[in-house]
Number of protein chains: 2
Amino acid sequence: MAALDEVDEFRSSQELHDYLRHKGENVGLSTVYRTLTALAAADEVDVIVREDGESIYRRCSGTHHHHLVCRSCGRTVEVEGPAVERWADAVARENGFTEVNHTLELFGVCTACSSAG
Amino acid sequence: MAALDEVDEFRSSQELHDYLRHKGENVGLSTVYRTLTALAAADEVDVIVREDGESIYRRCSGTHHHHLVCRSCGRTVEVEGPAVERWADAVARENGFTEVNHTLELFGVCTACSSAG
DNA sequence: GTTGATATTGACAGTCATTGTCATTAGATC
DNA sequence: GATCTAATGACAATGACTGTCAATATCAAC
């Protein structure tokens, strides 16, 4: 199953399910959800929640990073921002918050899509 | 309607609807959704998408800012990070992305809740 | 005050991502 | 092959959100 994260772009559960079905795999939607949730819990894939509330998944490098995602085609660039991490920690500490994590994602339109559309 | 954003914490549409009904207002769920969406479009309220995909709304200051939200009680601190904005713009430009916006929220546990729990 | 055009409202049904259920299936062990 | 157990997949259920549409409010013109 992990071998099927060959897409290298963020995909929703349903898209992955369709993809698998069209490849001939007879796999159930429930199993896709179960597997993705399990993989996400084990930090084997990254999850982000899109603006419309749908969760999308992608195979990623193990290090902490964020994403620059094309709204149109899903192409994804992994980006790092050590300054942001430090800023987030500092802000949390100043306000007495603990167990802080942060969500930071960039959504835009990539070169290919902006020239096409 | 805008006067009912007196709660000062992030609330979902449904929570706001319940709140209004319990106050005796005979307001429909559709109207709550419509109004919140309109207010959000007019930048009168801030929207963030929680990790479970539910959208929550809050009356906020007009300037661009982000939020440090207590996972337990919902208490919210508005925070600013000009450095983050600059970083996001730079990253987007370097990768040729346009129409970029970013989601950045910090979730943690505030002092009161961490000492209580 | 009444009429009529127009916009807003709210009850309700529909949509869609996600989760729960449960009988069936696959795989291991005897 | 029999049996036990865990994983699977078809399908129903949930819940947030959106669409529909008749009823109501608003308001200008008469």
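It should be noted that the structure appears before, not after, this text.
A. Quick peek at helix α2 (residues 29–41) of chain A. Residue and element names in this part refer to chain A. Taking 1.5 Å of rise per residue, the 13 residues of α2 would be expected to cover 18 Å, and the 18 Å separating its terminal C-alpha atoms lies within 8% of that figure. For α2, the set of buried residues is Val32, Thr35, Leu36, Leu39 and Ala40. An end-on view of α2 places all buried positions within 130 degrees of arc, on one side of the element. Exposed side of α2, more than 90 degrees from the buried face: Arg34 and Ala41 are the residues found there. Those residues of α2 that are buried are in contact with α1 (13–22), β2 (45–49) and β3 (55–59).

B. Up close: the relation of the copies chain A and chain B. With an RMSD of 0.5 Å, the operation that places chain A on chain B is a rotation of 180 degrees combined with a shift of 0.0 Å along the axis. Such a combination of turn and shift is consistent with a two-fold rotation axis. The fraction of interface residues of chain A whose copies in chain B are also interface residues reaches 100%, indicating that both copies meet through the same surface.

C. Structural detail: the protein's contact with DNA strand C. Among the 13 residues in the neighbourhood of DNA strand C, the closest are listed as Tyr33(A), Asn26(B), Ser30(B), Thr31(B) and Arg34(B). The sugar and phosphate moieties of DNA strand C supply 57% of its atoms located within 4 Å of the protein. Taking Tyr33(A), its side chain carries an N or O atom lying 2.8 Å from a phosphate oxygen of DNA strand C. The side chain of Thr31(B) places a nitrogen or oxygen atom 2.6 Å from a phosphate oxygen of DNA strand C. The residue inventory of the surface near DNA strand C, partitioned by class, reads three nonpolar, seven polar and three charged.

D. Representation of the pairing of strand β5 (residues 76–79) of chain A within the structure. Residue and element names in this part refer to chain A. Note: strand β4 (residues 66–70) against β5, four bridges, orientation antiparallel. Note on β5: the bridge partner recorded for His66 is Val79. Count of turn residues in the β4/β5 antiparallel hairpin: five residues, of which Gly74 carries a positive phi of about 85 degrees.

E. Looking closely at the interface of chain A and chain B. Counting from both sides, the interface comprises 36 residues of chain A and, opposite them, 36 residues of chain B. A buried area of about 2900 Å², summed over both sides, lies between chain A and chain B, and 63% of it is on carbon and sulfur atoms. Among the residues of chain A in contact with chain B, Trp87(A), Phe97(A) and Thr103(A) are the three that bury the most area, contributing 23% of the side total. The interface formed by chain A and chain B includes zero salt bridges. The tally of links between chain A and chain B comes to 13 residue pairs in polar contact (both at pLDDT 80 or more). Mapped onto the side of chain A that touches chain B, the elements with two or more residues apiece are β4, β5, α3 (82–94), β6 (98–109) and α4 (111–116) of chain A. Among the residues forming the side of chain A that touches chain B, the class breakdown is 18 nonpolar, 11 polar and seven charged. Pairing geometry for β6(A) and strand β6 (residues 98–109) of chain B, over nine bridges, is antiparallel. Within β6(B), the residue paired with Phe107(A) across the bridge is Asn101(B).

F. Local environment of the sheet that holds β5(A). Read from one edge to the other, the open sheet built from six strands follows the order β5(A)-β4(A)-β6(A)-β6(B)-β4(B)-β5(B), with strand pairing classed as mixed. The open sheet terminates on both sides in strands that have one partner only, identified here as β5 of chain A together with β5 (76–79) of chain B. Geometrically, the sheet is characterised by an average inter-axis angle of 20 degrees between neighbouring strands, direction not taken into account. When strand β4 (residues 66–70) of chain B meets β6(B), the two strands line up parallel, connected through four bridges. Looking at the pairing, Leu68(B) lines up with Leu106(B) of β6(B).

Reading the values: the criteria
- Residues numbered from 1 in each chain as written.
- Chains lettered and ligands numbered in written order.
- Predicted model: local features only at pLDDT ≥ 70, side-chain atom pairs only at ≥ 80, totals over all residues.
- Heavy atoms only, no water.
- Helix = DSSP H or I, 4+ residues; strand = E, 2+ residues; numbered from the N terminus.
- Expected span 1.5 Å × (residues − 1).
- Buried < 20%, exposed > 50% of the residue type's maximum accessible area, 1.4 Å probe, protein only.
- Arc of directions from axis to C-beta.
- Contact = heavy atoms within 4.5 Å.
- Least-squares fit on C-alpha atoms with pLDDT ≥ 70 in both.
- Near = heavy atom within 4 Å.
- Polar contact = N/O pair within 3.5 Å; in protein donor to acceptor, adjacent residues only side chain to side chain.
- Nonpolar A, V, L, I, M, F, W, Y, C, P; charged D, E, K, R; others polar.
- Pairing = 2+ DSSP bridges.
- Buried area = accessible area lost by both parts, 1.4 Å probe.
- Salt bridge = Lys/Arg side-chain N within 4 Å of Asp/Glu carboxyl O.
- Axes fitted to C-alpha atoms, helices over the stretch in contact; angles between N-to-C directions.

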